[in-house]
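What follows is each chain in one-letter form.
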Amino acid sequence: METIAIIGGGPAGYVAAIAAAGQGKRVTLIEQKELGGTCLNEGCMPTKSLLESADTLDKVRHADRFGVVLPADQVEVDWNAVQSYKNGIVNKLVQGIGYLMKKNKIRVLRGQASFITDRKLQVIQGDKQEAVEADRFIIAAGSEPVALPFAPFDGEWIIHSGQAMSLPAVPASLLIIGGGVIGCEFASIYSRLGSRVTVVEMADQLLPGEDADTAAILQRELEKAGVKIYTSTAVKRLSPEGKLAVFETESRVFEGTADRVLVAIGRKPRTDGLGLENAGVRYTKQGIEVNAHMQTSVPHIYACGDVIGGIQLAHVAFHEGTVAALHAAGADAKVNYRAVPRCIYTSPEIAGVGLTEKQARERYGDIRVGEFPFAANGKALILDEPVGRVKVLTDPQYHEIVGISIVGPKATELIGQGAVLLHTEMTADLMEHFIAAHPTLSEAVHEAILGAIGHAVHV
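Residues numbered from 1 in each chain as written. Predicted model: local features only at pLDDT ≥ 70, side-chain atom pairs only at ≥ 80, totals over all residues. Heavy atoms only, no water.

Undergrad: For this particular structure, what's the right way to read the overall build of the protein chain?
TA: Each helix and strand counted, the protein chain has 13 helices and 25 strands in total. Taking the principal axes of the C-alpha coordinates as reference, the protein chain spans close to 65 × 60 × 45 Å. Across the 459 residues of the protein chain, 51% fall into the buried class. For the protein chain, the share of sequence-separated contacts (at least 6 apart) that also reach a separation of at least 24 residues comes to 61%. For the protein chain, the accessible area works out to roughly 21,400 Å², and carbon and sulfur atoms hold 51% of it. Treating the 44 positive side-chain charges of the protein chain as one cloud and the 53 negative ones as another, the clouds have centres 5 Å apart. (Helix = DSSP H or I, 4+ residues; strand = E, 2+ residues; numbered from the N terminus. Buried < 20%, exposed > 50% of the residue type's maximum accessible area, 1.4 Å probe, protein only. Contact = heavy atoms within 4.5 Å. Areas by Shrake-Rupley, 256 points an atom, 1.4 Å probe, with all protein chains shown as cover. Lys, Arg positive; Asp, Glu negative; His and termini not counted. Charge placed at Lys NZ, Arg CZ, Asp CG, Glu CD.)

Undergrad: What exactly am I supposed to notice about the environment of A21 here?
TA: Among the structural elements, A21 can be located in helix 1 (residues 11–22). For A21 and N104, which are 83 residues apart along the polypeptide, the C-alpha to C-alpha distance reads 6.2 Å. Those residues in contact with A21, other than ones at most four positions away along the chain, are V27, N104 and I106.

Undergrad: Help me understand the side chain of H327 in this model?
TA: Within the element layout of this structure, H327 appears in helix 9 (residues 314–328). When its relative accessible area of 17% is taken as the criterion, H327 is described as buried. Setting aside anything within four residues of it in sequence, one finds H327 in contact with H293, Q295, Y302, D332 and A333.

Undergrad: In this structure, what is going on with the environment of A134? I would like to understand it.
TA: Here A134 shows up in the loop between strand 6 (128–133) and strand 7 (136–139). Using a relative accessible area of 9% as the deciding quantity, one classes A134 as buried. Separated by 238 residues in the primary sequence, A134 and F372 place their C-alpha atoms 54 Å from one another. Ignoring sequence-local partners within four residues, the contact set of A134 consists of T3, I4, A5 and R119.

Undergrad: It is not clear to me how the sheet that holds strand 23 (residues 368–373) should be interpreted in this structure. Could you clarify?
TA: Remark on secondary structure: sheet strands pair via backbone hydrogen bonds, oriented parallel or antiparallel. Strand order in the open sheet formed by five strands is 21-22-25-24-23, and the pairing between neighbours is antiparallel. Every interior strand has two partners, whereas the edge strands, strand 21 (342–344) and strand 23, have only one. If you compare each strand with its neighbour and ignore which way they point, the axes differ by 10 degrees on average. Pairing between strand 21 and strand 22 (residues 349–354): three bridges, direction antiparallel. Directly across from I344, in strand 22, lies its bridge partner I350. (Pairing = 2+ DSSP bridges. Axes fitted to C-alpha atoms, helices over the stretch in contact; angles between N-to-C directions.)

Undergrad: Just checking my understanding: could you explain the packing of aromatic side chains for this structure?
TA: Aromatic ring pairs are defined here through the distance separating the ring centres and the angle between the ring planes. Within the structure shown, the criterion is met by six aromatic pairs. Pairing F186 with Y190 gives two aromatic rings, centres 6.3 Å apart and planes at 15 degrees, and the pair type is stacked. Of this pair, F186 and Y190 both sit in helix 6 (residues 181–193), four residues apart, which is roughly one turn of the helix. The exposure classification of F186 matches that of Y190, with both residues buried. Here the aromatic residues W79, F186 and Y190 are joined through ring pairs into a cluster of three or more. (Phe/Tyr/Trp six-rings, centres within 6.5 Å; stacked < 30°, edge-to-face > 60°.)

Undergrad: Mind showing me how you'd approach the packing of helix 3 (residues 44–61) against helix 4 (residues 79–103) here?
TA: Relative placement of two packed helices is described by the angle separating their axes and the distance separating the axes. Relative to each other, helix 3 and helix 4 sit at 140 degrees, their axes nearing to 9 Å. As helix 3 packs across helix 4, the resulting crossing turns out to be right-handed. When helix 3 is examined against helix 4, the residues M45, P46, S49, L50 and S53 are found in contact with a partner set consisting of W79, V82, Q83, Y85, K86, I89, V90 and L93. For the contact of helix 3 with helix 4, a count of residues per class yields nine nonpolar, three polar and one charged. (Left-handed = near helix turned anticlockwise from the far one by under 90°. Nonpolar A, V, L, I, M, F, W, Y, C, P; charged D, E, K, R; others polar.)

Undergrad: Any chance you could explain the nonpolar core here in plain terms?
TA: One broad trend across soluble globular proteins is that nonpolar side chains are buried collectively. By size, the foremost hydrophobic cluster in this structure holds 54 residues, and its most contacted members are I6, F115, L121, I138, I139, M294 and I301. For this core, the leading source of residues is helix 1, giving eight residues. Not counting the four nearest positions on each side in its chain, I138 is found in contact with I4, A5, I6, I7, A16, Y302, C304, A324 and A325. Within the second largest apolar cluster, 33 residues are counted, among which are L50, I159, L167 and A187. (Core = buried A, V, L, I, M, F, W, Y, C linked by side-chain atoms within 4.5 Å.)

Undergrad: For this particular structure, what's the right way to read the side chain of H293?
TA: Here H293 is to be found in the loop between strand 19 (287–288) and strand 20 (301–303). According to the relative accessible area criterion, H293 is buried, its value standing at 15%. For H293, the side chain forms a polar contact with the main-chain oxygen of A333, separated by 2.7 Å. Aside from chain neighbours lying at most four places away, what touches H293 is Y302, V323, A324, H327, D332, A333 and K334. (Polar contact = N/O pair within 3.5 Å; in protein donor to acceptor, adjacent residues only side chain to side chain.)

Undergrad: Just to check I follow, could you spell out the pairing of strand 5 (residues 120–125) for this structure?
TA: The two faces of a sheet get side chains in turn, since along a regular strand they alternate between them. Pairing of strand 4 (residues 112–117) with strand 5, which is carried by five bridges, proceeds in the antiparallel orientation. Paired with T117 across the bridge in strand 5 is K120. The hairpin formed by strand 4 and strand 5 contains two residues between the paired strands. The pairing of strand 5 with strand 6 spans six bridges and is classified as antiparallel. Counterpart to Q125 in the pairing with strand 6 is K128. Where strand 5 hands over to strand 6, the hairpin turn is made up of two residues, of which G126 adopts a positive phi near 65 degrees.

See the structure below:
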């Protein structure tokens with residue numbers, strides 16, 4: 001029986017393991033820590049749990065809008081219970097992956113793996129060492145937070161996102177360096193749990209690369225929640241003594257203090273210690289080089305997920321892991337990045353798929369744009385979440401839907417509909433007689449599409 005060895009038990013790795021086992025291969029999965037990787041243990045799942053706690057607190061605080069009156073002085077946050085809820089979810093999901101490994105007869109080996117040759121790995125755990133040989137290999141080693149060159153993580157004052165999820169208490173003040181997805185999500189969490197939050201971003205907008213007016217709506221709502229936001233601003237110095245930060249813009253230099261500093265300036269592929277040179281695998285600081293089948297420069301060695309430095313999203317890692325495993329098992333599988341949804345779990349939520357308006361205008365010129373505000377959507381009003389809108393972009397020649405951006409209630413759920421539209425290369429006119437359920441939030445997507453082809457909306 002052909003053998004496949006997989007380095008890393010995160011989204012790319014464990015999905016690849018299941019896919020390879022399903023093809024009748026004998027699979028060994030090597031993981032240093034807990035199964036599930038960063039996403040499950042220090043990323044997607046725990047942050048969404050904390051966000052749910054913050055959302056619930058928000059709802060309770062404003063329950064009087066729905067006719068439910070609670071004593072204001074009895075609404076409080078039990079941080080230990082919040083952490084317990086989060087940890088319970090993570091533990092249940094980790095156990096679930098462990099069950100899937102057993103069900104699919106996948107051998108799980110604990111330790112740090114590195115290539116000795118292109119056909120052999122060395123796995124070290126403590127004082128134990130084991131050699132693993134295989135016919136094919138899949139590298140899914142993930143990524144790690146990027147530190148500021150002049151201020152490394154100390155785990156106390158200067159922390160990364162993994163540490164920010166398990167603080168001993170909600171900090172009185174929190175400085176977040178980086179206004180990307182991670183920074184904005186933590187701003188949304190801690191500002192509502194009681195921290196005084198400041199976000200510093202070098203670019204001229206939050207969420208660089210995302211739709212500009214979508215980011216502007218989020219900034220306005222964060223500022224309403226008390227978050228101080230500085231764009232086009234760089235951090236020049238962090239001094240643990242006095243917990244002092246020095247910032248610089250084009251016109252001035254100023255200072256601030258904070259109880260904690262969360263550095264969220266990005267993540268980098270985890271390639272150190274893998275012995276890639278011993279296997280002849282080509283890589284750069286940006287990640288391991290792969291083709292559309294996820295093959296590296298050594299054809300029997302594959303790589304997928306964050307370690308290749310592409311789109312660092314768990315659902316992309318699932319797809320890449322599946323492609324790598326299927327091709328390694330003999331199928332003609334290729335990656336498809338055409339319709340990758342982007343989800344940001346802030347308050348309000350943000351999601352997108354395809355091109356932003358700026359990107360679409362650069363590519364197509366005179367595009368068509370349809371928008372529909374949630375303020376005109378009945379379900380959004382019932383939920384008391386009228387902030388935001390849906391924007392749909394179509395190309396000028398065929399009216400193909402080339403981009404959708406959503407900011408507002410349940411945006412990360414609604415974007416699934418948008419991903420299907422782009423994946424199937426749907427044109428806006430084909431949606432003209434589509435029947436959307438009423439009252440639902442998804443009506444806003446349909447109305448925005450109608451707007452893109454110049455039809456009146458059903459206000």
